[in-house]
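Letter by letter, the chains look like this.
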Amino acid sequence: MKKVFKSISVLVLSLALTVSGLTFVQTAKADAISDWKANAIKTPTEGNLLGAGYIDVEFDNSLSGYFYEVFLDNEPVYWDGNSIVNLDIDGETFAGKTRREYPSGGSGSTTTSEVYTTKVAKHEITIKATKGSETIVSNPRTFYVSKKGLAMGDDMGNKMQLKKLNCSWYYNWNSFGFHNNIDDGVAHMPMIWGGPEEDIQQQVAEYENDSNYILGFNEPDIAGQANMAFFEGTDMWKKYISPMNKRKVSPAPASPGGNSQWLKSFIKGDTICWLPDGSWDYYYMYEGDPAYTPVNIESVDDCDAVCLHSYQNKMNSRGLVNAVKNLWNTYHKPVWVTEIGLFGSKSDSTDMSYENAEKRAEIQEFMKTVVNELEALPYVERYCWFSYDVESANAIDNFDGSGGTSMFEYTSGLYTELGKAYSEIANPAGYSANTISDSEMFNWDTRVKYAASYNKSKDTATISWDKGTLDAMPKMDITLDDNPIEVENGGEIDVSSLDEGKHIITFNLYAEDGTTVILTKTRGFVIDRAEETTTEAPTQAPTQAPTQAPTVAPTKAPVKPAVKPGKTTIKGKNVKKKSAKLSWSAVSGAKKYKFNWAMNKKFTKKSKTKIITKTFFKVKKLKKKKTYYFRVAAINNAGTGPWSNTKKIKIKK
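All values derive from a computational prediction rather than experimental measurement. (Residues numbered from 1 in each chain as written. Predicted model: local features only at pLDDT ≥ 70, side-chain atom pairs only at ≥ 80, totals over all residues. Heavy atoms only, no water.)

1. Points about the overall build of the protein
When you go through the protein residue by residue, the secondary structure sums to 8 helices and 38 strands. Across the protein, every contact between residues at least 6 apart in sequence was considered, and the portion connecting residues at least 24 apart equals 66%. A total accessible area of about 32,900 Å² is found for the protein, and carbon and sulfur atoms account for 50% of it. (Helix = DSSP H or I, 4+ residues; strand = E, 2+ residues; numbered from the N terminus. Contact = heavy atoms within 4.5 Å. Areas by Shrake-Rupley, 256 points an atom, 1.4 Å probe, with all protein chains shown as cover.)

Next up, the structure:
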């Protein structure tokens with residue numbers, strides 16, 4: 001009996017252990033699946049506001065033996081063999097397309113995919129894992145999508161916050177972001193700005209790999225910006241941008257109509273020929289002439305979206321929308337409108353100054369109309385406004401009547417009515433949008449003001465300022481053409497020793513520590529000592545006939561009108577003692593040269609100017625490891641000629 005009892009006991013114990021083991025395994029598996037469901041989706045972050053278009057998804061694919069699918073709003077992601085399908089744009093045409101599946105990567109692994117949407121709304125991602133007849137679905141990840149962004153350069157202040165405008169993205173014409181209070185919580189879209197190859201190399205070296213998109217060259221079709229022939233753009237694109245594992249947005253031409261020849265030649269390819277003087281032209285102008293040899297330029301076929309800039313001096317929303325439609329019809333690619341702006345001059349009917357309250361109201365309505373139009377077009381992925389300063393004082397151009405387009409004051413970061421309206425429009429339903437309080441609103445009467453003007457009768461310049469909302473800042477220094485000056489607010493300085501032409505007053509305002517510059521403002525004045533000619537009223541003619549015939553004045557040859565000087569070419573290098581030595585070719589008819597340098601390519605950051613008669617100049621006391629930009633323009637009696645090429649120099653010694 002003892003043996004039998006012992007055998008039964010062993011059998012019972014064995015069965016108990018087996019059942020216990022099975023229970024343990026089943027419990028462990030259930031725990032693993034439960035944990036996977038809760039934590040499968042790594043990105044996007046719950047509740048984030050993201051830019052429309054392609055959105056990166058990272059998820060856990062570590063459960064062994066499963067195949068995985070990504071679902072957006074309960075719909076599977078379809079694949080055409082090269083990329084996911086843009087259902088928002090192309091519609092539900094699935095012929096030749098398959099649902100994208102991902103295999104298991106083993107313990108601890110994750111993988112990446114994409115979803116695509118241009119719907120400004122709340123969205124939901126889930127991951128489905130399948131093994132045989134078994135299917136498990138992750139907990140949903142909720143996020144929001146917006147098209148709205150802002151073009152925000154480093155010369156546009158450091159006080160405002162992009163998230164207050166409820167922007168889902170921004171760019172700053174650089175390949176790296178601000179990483180401060182300006183862009184806290186808002187995604188930066190890097191740009192390879194363009195220009196000479198050495199500039200592009202540096203932009204690529206500084207590029208921050210924190211975005212799924214890369215923006216192409218900035219206005220390469222004009223001399224004042226990237227200034228690249230389309231085939232130079234093609235070469236640089238294929239050499240530096242194509243190898244990047246990024247979604248790519250085409251170069252942004254300055255041409256506003258959506259029919260840029262530069263962009264068309266860049267994307268679709270074209271044929272050129274070289275002319276005897278070393279310049280180039282499109283071959284179709286010379287086709288059939290044996291003196292000209294056709295050179296075929298290949299197309300660029302890896303742009304995921306095409307780009308548009310739109311500036312107008314009148315409020316014509318239809319013009320902008322038609323340009324967008326032109327782009328779509330030409331390339332059938334999604335569209336980014338990366339600069340939307342209005343500009344005007346106080347001297348004519350285009351005046352859009354901030355102080356013109358009626359015009360500000362019109363600009364608000366224009367902005368709202370444009371935004372609503374772009375929101376309604378499914379092939380528009382993103383757009384952003386360009387904000388002039390309230391006094392148009394961004395030093396980018398001469399349009400002094402553009403302040404009504406401002407969304408914030410550069411110096412204080414306070415938001416205008418237009419900025420508040422932009423903050424409140426086009427936000428996805430359900431998103432907890434940021435609000436702008438009354439205390440954050442701009443007041444024209446307390447703005448930061450700086451001024452400089454020339455008095456011809458005294459040959460003096462009057463300098464004045466009002467710190468406005470920054471009145472508590474304790475220290476300010478002032479320079480005239482980069483030379484320190486002392487002057488009381490509203491006082492005059494003697495400028496009789498200066499040459500005629502434009503001169504620059506620079507105001508540097510310091511933080512409470514007395515060393516950190518928080519604001520740099522420049523104001524220019526022009527010295528013109530020419531005598532004004534006055535026409536006197538004619539003396540009344542005598543009643544009697546003259547006794548002598550009037551003398552006939554001799555006939556003079558017509559005076560040839562004065563012509564502004566041509567463009568020069570600048571070159572230079574970094575020399576010892578933190579200096580840069582620049583030289584340029586002489587321009588026929590030039591009497592002097594306007595030499596300008598700054599710490600950004602738009603010549604707005606720490607910009608300084610010298611008027612000189614020589615064709616060379618050495619700039620001293622530069623900052624080590626910083627990059628500077630230099631240019632020069634010739635001057636004669638007819639005025640100032642065009643700027644030269646831009647020379648970029650990094651100070652290494």
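2. Brief notes about the pattern of salt bridges
Counted by the stated rule, this structure contains 19 salt bridges. Notably, a salt bridge pairs Glu69 with Arg99, separated by 2.9 Å at the nearest N-O pair. Of the two residues, Glu69 is situated in strand β4 (residues 67-72) and Arg99 in strand β7 (residues 98-99); the sequence distance between them amounts to 30 residues. A relative accessible area of 9% means that Glu69 is categorised as buried. Members of the salt-bridge network, linked through shared partners, are Glu114, Arg247 and Asp304. (Salt bridge = Lys/Arg side-chain N within 4 Å of Asp/Glu carboxyl O. Buried < 20%, exposed > 50% of the residue type's maximum accessible area, 1.4 Å probe, protein only.)

3. Topic: the side chain of Ser607
With respect to the secondary-structure elements, Ser607 resides in the loop between β33 (592-598) and β34 (608-612). For Ser607, the side chain forms a polar contact with the side chain of Asn596, separated by 3.1 Å. A distance of 3.4 Å separates the side chain of Ser607 from the backbone oxygen of Phe603, its partner in a polar contact. The contact partners of Ser607, leaving out residues within four places of it in the chain, are Thr506, Thr522, Asn596, Trp597 and Ala598. (Polar contact = N/O pair within 3.5 Å; in protein donor to acceptor, adjacent residues only side chain to side chain.)

4. Description of the packing of helix α5 (residues 261-268) against helix α6 (residues 317-331)
The geometry of α5 relative to α6 is characterised by a closest axis approach of 12 Å and an angle of 25° between their N-to-C directions. On the basis of the axis angle, α5 is roughly parallel to α6. Handedness of the crossing formed by α5 with α6: right-handed. The segment α5 lies against α6, with Leu263, Lys264, Ile267 and Lys268 engaging Leu327, Thr330 and Tyr331. Of the residues assigned to the contact of α5 with α6, the class counts are 4 nonpolar, 1 polar and 2 charged. (Axes fitted to C-alpha atoms, helices over the stretch in contact; angles between N-to-C directions. Parallel < 35°, antiparallel > 145°, perpendicular 65-115°, else oblique. Left-handed = near helix turned anticlockwise from the far one by under 90°. Nonpolar A, V, L, I, M, F, W, Y, C, P; charged D, E, K, R; others polar.)

5. Focus: the sheet that holds strand β35 (residues 616-619)
Strand order across the open sheet formed by 3 strands is β31-β32-β35, with antiparallel pairing between neighbours. Strands with a single pairing partner mark the edges of an open sheet, and in this sheet they are β31 (570-575) and β35. With direction set aside, neighbouring strand axes in the sheet form an average angle of 15°. Judged from the 4 bridges that link them, strand β32 (residues 579-584) and β35 form a sheet pairing that is antiparallel. Paired with Ala580 across the bridge in β35 is Val619. (Pairing = 2+ DSSP bridges.)

6. Some details on unusual backbone geometry
Residues Thr43 and Pro44 are joined by a peptide bond in cis, for which omega reads 5°. Even without a glycine there, the phi angle at Asp482 is positive, about 75°. Here Asp482 shows up in the loop between β26 (475-480) and β27 (483-485). Even without being a glycine, Lys621 presents a positive backbone phi close to 55°. Along the chain, Lys621 turns up in the loop between β35 and β36 (627-636).

7. Here's the deal with the environment of Val115
The residue Val115 is located in strand β9 (residues 110-117) in this model. Given the relative accessible area of 1%, Val115 is considered buried. Each C-alpha atom of the pair Val115 and Ile125 lies 8.7 Å from the other, and the pair is 10 residues apart in sequence. Here Val115 is in contact with Gly53, Tyr54, Ile55, Val57, Val70, Leu72, Val77, Ile84 and Ile125, once residues within four sequence places are set aside.

8. Thoughts on the sheet that holds strand β20 (residues 295-297)
Within the open sheet, the 3 strands sit side by side as β19-β18-β20. Their pairing is antiparallel. Two strands lie at the open edges of the sheet, namely β19 (280-282) and β20, each paired on one side alone. Taken over all neighbouring pairs, the strand axes of this sheet differ in orientation by 40° on average, direction set aside. Of the strand pairs in this sheet, strand β18 (residues 270-274) and β20 are connected by 3 bridges, and their pairing is antiparallel. Bridge pairing links Ile272 to Val295 in β20.

9. Focus on helix α7 (residues 357-376)
Taking 1.5 Å of rise per residue, 20 residues should cover 28 Å, and α7 covers 29 Å from first to last C-alpha, within 8% of that figure. Considered for burial, the residues of α7 that qualify are Lys359, Arg360, Ile363, Gln364, Phe366, Met367, Val370, Val371 and Leu374. Buried residues of α7 fall within an arc of 165° about the axis and therefore sit on the same side. Among the exposed residues of α7, those pointing more than 90 degrees away from its buried face are Glu358 and Ala376. If you follow the buried residues of α7, they end up packed against β21 (306-312), α6, β22 (335-342), β23 (380-386) and α8 (417-424). (Expected span 1.5 Å × (residues − 1). Arc of directions from axis to C-beta.)

10. Some words on a positive patch on the surface
A cluster of basic residues, Lys573, Lys576, Lys577, Lys581, Lys618, Lys620, Lys621 and Lys653, forms a positive patch on the protein surface. Relative to the helices and strands, Lys581 is located in strand β32. (Patch = residues over 30% accessible without salt bridge, like charges linked within 9 Å, V, L, I, M, F, W, Y side chains within 5 Å. Lys, Arg positive; Asp, Glu negative; His and termini not counted. Charge placed at Lys NZ, Arg CZ, Asp CG, Glu CD.)

11. Re the side chain of His503
One can find His503 in strand β29 (residues 501-510). A polar contact of 2.7 Å, which involves the side chain of His503, links it to the backbone oxygen of Asp499. Not counting the four nearest positions on each side in its chain, His503 is found in contact with Leu480, Asp481, Leu498, Arg523, Gly524, Phe525 and Ile527.

12. Here's the deal with the nonpolar core
In terms of nonpolar packing, the biggest core is built from 115 residues, with Leu150, Val324 and Trp385 touching the most fellow members. Filtering out sequence-adjacent residues up to four positions away, Leu150 remains in contact with Met160, Leu162, Leu165, Cys167, Trp169, Tyr170, Tyr171, Cys384, Trp385, Met407, Phe408 and Tyr422. The next biggest cluster of nonpolar side chains, apart from the first, holds 23 residues, and it includes Leu480, Val487, Leu509 and Ala511. (Core = buried A, V, L, I, M, F, W, Y, C linked by side-chain atoms within 4.5 Å.)

13. Topic: the state of the cysteines
Inspection of every chain in the model, using the stated rule, returns 0 disulfides. Between Cys167, a cysteine without a disulfide, and Cys384, which holds the nearest cysteine sulfur, the sulfur-to-sulfur distance is 8.4 Å. Its relative accessible area of 4% is what places Cys167 among the buried residues. (Disulfide = S-S within 2.5 Å.)

14. Quick notes on the packing of aromatic side chains
Under the definition given, this model contains 38 aromatic pairs. In this arrangement the basic side chain of Arg631 is found over the ring face of Phe603, its NZ or CZ atom lying 3.9 Å from the centre. Its end group placed over the ring of Trp643, Arg631 keeps NZ or CZ at 3.9 Å from the ring centre. (Phe/Tyr/Trp six-rings, centres within 6.5 Å; stacked < 30°, edge-to-face > 60°. Lys NZ or Arg CZ within 6 Å of the ring centre and 35° of its normal.)

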